[in-house]
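Survey of secondary and tertiary structure
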Amino acid sequence: MARLILHPAGTPAWNMGADEALWQLSPEPVLRLYSWGLPCLSLGYFQKISEISPSDRPCVRRITGGGLVDHTRDFTFTLTLPSGHRLARMTAPESYATIHEGVAQALGSCGLTATLAACCAPEKSIACFQAASKYDLLLHGAKIGGGAQKRGKTGLLHQGSLLTPLPLPAHFAEELSRSVGRLFGQSLNVSALTPAESAFAQNAADSRYGTVEWTQRF
């Protein structure tokens, strides 16, 4: 059984804790769609806090890599896959391409013709949406979607963000669920965090993601 979890707006720390909980504990593939309770920034795991301009918005550090993401008006989603799943066994480039092709199909169903970047942008940026990496999602040549991954014994964690010129239509979530279901090879069943996952998420939010020590570790 593959799971679809639809979460209301959460705090930055809790959102990161919930993603990790699903990656560590769920034996089934999961698509999690969620939003942010307040405008915030998320740092890639290895980014230096000193590189970030002062901001009046809170900041949280992800466990995945990648660049700085502004969560003011983006659409965020997470995929977690157990270690035995075919997507988790792919190389990182293969899995990025496969997942983003699925997202592109969902965007296409909403009238947005997105393509995958053939190569990296010539100039790097600390901000995720300022420079495209290979297999990022493009619309009219501009980056509108990216993702970051972490792998471990439990499988694959893929955190994704979409920032389109116009708000995505309400049925995009349904289209993305269908597209991801095809990637999983099975339909998605609406689910919720288990008690163990909820406890893990809250503990991770309180003890790690919500602390200054974690946010400013680099």
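Description of the structure in this document. Just so it is clear, the model here is predicted, and its values are computed rather than measured. (Residues numbered from 1 in each chain as written. Predicted model: local features only at pLDDT ≥ 70, side-chain atom pairs only at ≥ 80, totals over all residues. Heavy atoms only, no water.)

Pairing is mixed across the open sheet formed by eight strands, whose spatial order is E7-E8-E9-E10-E6-E2-E1-E11. Of all the strands in the sheet, the pair left with one neighbour each is strand E7 (115-116) and strand E11 (188-191). Note: strand E6 (residues 75-82) against strand E10 (residues 155-162), eight bridges, orientation antiparallel. For Thr80, the partnering residue across the bridge sits in E10 and is Leu157. (Pairing = 2+ DSSP bridges. Helix = DSSP H or I, 4+ residues; strand = E, 2+ residues; numbered from the N terminus.)

To continue, consider the pairing of strand E2 (residues 30-34). Look at any regular strand and the pattern is simple: side chains alternate between the two faces of the sheet. Burial of E2 is extensive: five of the five residues sit out of reach of the surface. You can see the chain leave strand E1 (residues 2-6), run along helix H1 (residues 12-25) and come back into E2, and the turn it takes is right-handed. Here E2 pairs with E6 via five bridges, running antiparallel. Residue pairing in the sheet places Tyr34 in a bridge with Thr76 of E6. (Buried < 20%, exposed > 50% of the residue type's maximum accessible area, 1.4 Å probe, protein only. Right-handed = clockwise from strand over helix to strand, strands pointing away.)

What follows covers helix H3 (residues 92-109). Taking 1.5 Å per residue as the helical rise, H3 with its 18 residues ought to reach 26 Å, and the 26 Å between its terminal C-alpha atoms agrees with that figure. When H3 is considered as a whole, its buried residues turn out to be Ser95, Tyr96, Ala97, Thr98, Ile99, His100, Gly102, Val103, Ala104, Ala106 and Leu107. (Expected span 1.5 Å × (residues − 1).)

A few words now on the environment of Ser50. When you line up the elements, Ser50 lands in the loop between strand E3 (41-43) and strand E4 (59-61). By relative accessible area, which is 64% here, Ser50 ends up exposed. As a C-alpha pair, Ser50 and Arg73 span 23 residues in sequence and 24 Å in three-dimensional space.

These figures come from the coordinates and say nothing about function on their own.
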